[in-house]
Amino acid sequence: VAPLGQGPGLVFIGFMGAGKSRALRATRDAGLDAVDADLELEQELGAPIAEFFERHGEPEFRRREEALTLRILDEGHEAVAVGGGAVLSEPVREALAARVCVWLKPPLDELWRRAEGSRRPLARDRASFERLYAEREQTYRELADAVLLSADVARAALESLRALEPTGPVRLLWAESASGAYPVWAGKEALERSPWPAGGRRFCVTDAAVGALYRDAVEPLAGLVAVEPGEQAKSLSEAERVLRELARAGMTRSDHVVALGGGVVGDLAGFCAATYQRGVPVVQVPTTLLAQVDSAYGGKTGVDLPEAKNYVGAIHLPAGVIADTATLDTLPSEEVAAGFVELLKTALIAGAGTWEQVRALGGLEPDRLADAIFDCAVAKVEVVAADERDSGRRQVLNLGHTVGHAIEAASGYDRYRHGEAVGLGLLAALRLSGAGDLRSEVQHLLVERGLPVHLDRSISLDDVLAAVERDKKRTPRGIGFVLLPRPGEPVIDQPVDPASLRAAVEELL
Ligand SMILES: NC(=O)c1ccc[n+]([C@@H]2O[C@H](COP(=O)([O-])OP(=O)(O)OC[C@H]3O[C@@H](n4cnc5c(N)ncnc54)[C@H](O)[C@@H]3O)[C@@H](O)[C@H]2O)c1
C-alpha cells in the first residue's frame, strides 16, 4: 500500500449530488492536500455556479470550467473533486487518465433527493435529470479506477485508493450494506497487486483442483482444507469436516478463512466462516466467472440439503473480495460459458451501459471479460446495498432462478451446471414477462456460447413444475416470480398463472 503522501493524485468524479465534496473533505481530514474544483470555480467566476450558468449560458460555463479544471489537475494536488459535467471535456478526460479516478455512485433516487429543489441548473425536473444521468453514466464508468457507493466510506477506503494505479488492470469497489462494508479488488493479477484485506492468519478452504493451481497465490497459509470439486461438497457433512479440520489446525477468532475457488467453495467456506466460533472473517477469492460476477459478493453463504438446494445458510459479508481475472485462464470453457449466464442475468437486471457491454461482448477471453466483471460486481453490490437480507429489492437477483433451480432439482443436480440451468430459467422468465424479442436475443447469446436453450427430453415437465412449487421463495400467497419486461426494469413478486408457467417451461422442451 502506498503510504499517504505518495502515489498519483485522487480525483473524485460523479454526478451532481454524488458526495464528491464530502469525500474530498474526508481526504483533507486525513491530511491530504485537497482541492474542490467547484468551490474554486465559484470564486473565479465571482458568482454562484447557478447564477453564472443562467447569465452566460452553458457553453461559456463549460469553457471556464474546463480551463480551471485543467489548471487544478496540473497543479498536482493529492486529491481533487471535479464538477459533475467537467468530464464532458476531452482534454479533461485525457488529464484524468494519469490520476486515480474515484466514481461516487449513490443510487439515482438518492441523487435526485439531494438535487431536487436545489438551485442546480440541470436539476429542474426528474425526467431530464435522469436523461442527463444516463448520458453521463458511461463516461464515469469508463474513467473509474474505483467505485464508492457513498462518500461515507471515503475515509475507510483512502489507503486502498492510494494503492491503485491509474487506468491499471485492477480496480477497486467498496461494497456497503446494512451489516458492513468491504473492498473488492477486481482485474488481472489482482492477487499480486492488491493489499490483503484481512489481518491474522489465513486458513484456506478450497477444492482440490483449484487448490493445486492457486494455493501459492494466497500464501502464507496457516492451514488448508480441500474438498472434492463439485456441488456435492456443499453439504452439512462436508461443512462439519471443514469446521473440524479448522479446529484441529488451531484456528482462532483473530484468524480468517480464505475461500479459494468457485461458487461452491465460496458458499461452503463462507458458511463455515459464519459458524466457526460464531463467526470469523472470510476473504473471498473467486476463481470462476460465476463467482467473480455474482456469488463472491453480498454475503449469501450456505449448503444444500438432499431435499433442496441452499436450504441451510447464513448471511456473512466477506472481509474483502479479490477477483483475479487471470485465474480464469485455466477455467474450462464450459464453466466460462456457464458463468456467462450470471453475467448476462446481472446485465439484464442492471440495464443501460452494463447490458450494452454484455450484449456486445463477443468472445469470452478473460481480458475481454474484465470490464464486464467489474460492472456486474458493481451492479450486484448496489442491489445488496439496498436490501442485504433479501426481503425486497435483492430478489431481483433471482431472475431466471425459480425455473432454473427447479430444472436443477428435477434433473438430480447432475445434468446441468447451475449457470446452464439459469440460462434456461431466464428464457422462461422472459417469456413470462411478455418480452419475446428480448427472449430471442438472449436465446441467441446463449446459443453463440454453446449453452443449452432446450431442456433434455429425459427431464419431465411435471417434475420441473413440481420443483417450482417447492421453491424456497414461496410465501403463503404463492410463488412470486421476478419478471423483466425490459433490460434494467426487473419487477419482483409477480404472480404467474399455472397455465402460463406450464407453457413457458414446455417451450423449453
Ligand atoms: N452465494 C451466492 O450468492 C451464489 C450466487 C450464485 C451461485 N451460487 C452457488 O455457486 C455454485 C456454483 O458455482 P460455480 O459455477 O463457480 O461452480 P464450482 O465452484 O463448482 O466450480 C466449477 C468447477 O470449476 C473448477 N474451477 C474453479 N475455478 C477454476 C479455475 N480458475 N481453473 C480451473 N478450474 C477451476 C472447480 O474445481 C469446479 O470443478 C452453486 O452452488 C450456486 O448455488 C451462490
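Now for a description of the structure that goes with this document. None of these values were measured; they are calculated from a predicted model.

**Some words on the packing of aromatic side chains**
Then step 1. For the coordinates displayed, the defined rule picks out five aromatic pairs.
Then step 2. Ring geometry for Phe15 against Phe129: centres 5.1 Å apart, planes inclined by 65 degrees, an arrangement best described as edge-to-face. Of this pair, Phe15 sits in the loop between strand 1 (10-13) and helix 1 (20-29) while Phe129 sits in helix 7 (residues 126-143); the two residues are 114 residues apart in sequence, bridging distant segments of the chain.
Then step 3. A relative accessible area of 0% means that Phe129 is categorised as buried.

**Observations concerning the pairing of strand 8 (residues 202-207)**
Looking down a regular strand, the side chains alternate between one sheet face and the other.
Then step 1. Burial within strand 8 is extensive, with six of its six residues counted as buried.
Then step 2. Here strand 8 shows a buried face lined by Arg202, Cys204 and Thr206 and a second buried face lined by Phe203, Val205 and Asp207.
Then step 3. One ladder, built from five bridges, connects strand 8 with strand 9 (residues 223-227); its direction is parallel. Bridge pairing links Val205 to Val225 in strand 9.

**Some details on the site of the ligand**
Then step 1. Near the ligand you find 27 residues, and of these Asp207, Glu231, Gly263, Thr288 and Thr330 are the closest.
Then step 2. For the ligand, an oxygen atom lies 2.8 Å from a polar atom in the side chain of Lys234.
Then step 3. In the model, a nitrogen atom of the ligand is placed 2.8 Å from a nitrogen or oxygen of the Thr330 side chain.
Then step 4. When the ligand sits alone it has 870 Å² of accessible area, and the protein chains cover 88% of it.
Then step 5. Listing elements by their share of the shell around the ligand, those giving two or more residues are helix 10 (208-214), helix 12 (263-275) and helix 13 (289-295).
Then step 6. With four residues, helix 10 is the largest single contributor of residues to the shell around the ligand.

**Regarding helix 20 (residues 461-469)**
Then step 1. Restricting attention to buried positions, one finds in helix 20 the residues Leu461, Val464, Leu465, Ala467 and Val468. The arc that holds every buried residue of helix 20, seen down its axis, measures 160 degrees, which confines them to one face.
Then step 2. Packed against the buried residues of helix 20 are helix 17 (401-410), strand 15 (481-483) and helix 21 (498-506).
Then step 3. N-capping of helix 20 is provided by Ser460, with a side-chain oxygen placed 3.3 Å from the backbone N of Asp462.

Rules and cut-offs
Residues numbered from 1 in each chain as written. Predicted model: local features only at pLDDT ≥ 70, side-chain atom pairs only at ≥ 80, totals over all residues. Heavy atoms only, no water. Phe/Tyr/Trp six-rings, centres within 6.5 Å; stacked < 30°, edge-to-face > 60°. Helix = DSSP H or I, 4+ residues; strand = E, 2+ residues; numbered from the N terminus. Buried < 20%, exposed > 50% of the residue type's maximum accessible area, 1.4 Å probe, protein only. Pairing = 2+ DSSP bridges. Near = heavy atom within 4 Å. Polar contact = N/O pair within 3.5 Å; in protein donor to acceptor, adjacent residues only side chain to side chain. Areas by Shrake-Rupley, 256 points an atom, 1.4 Å probe, with all protein chains shown as cover. Arc of directions from axis to C-beta. Contact = heavy atoms within 4.5 Å.

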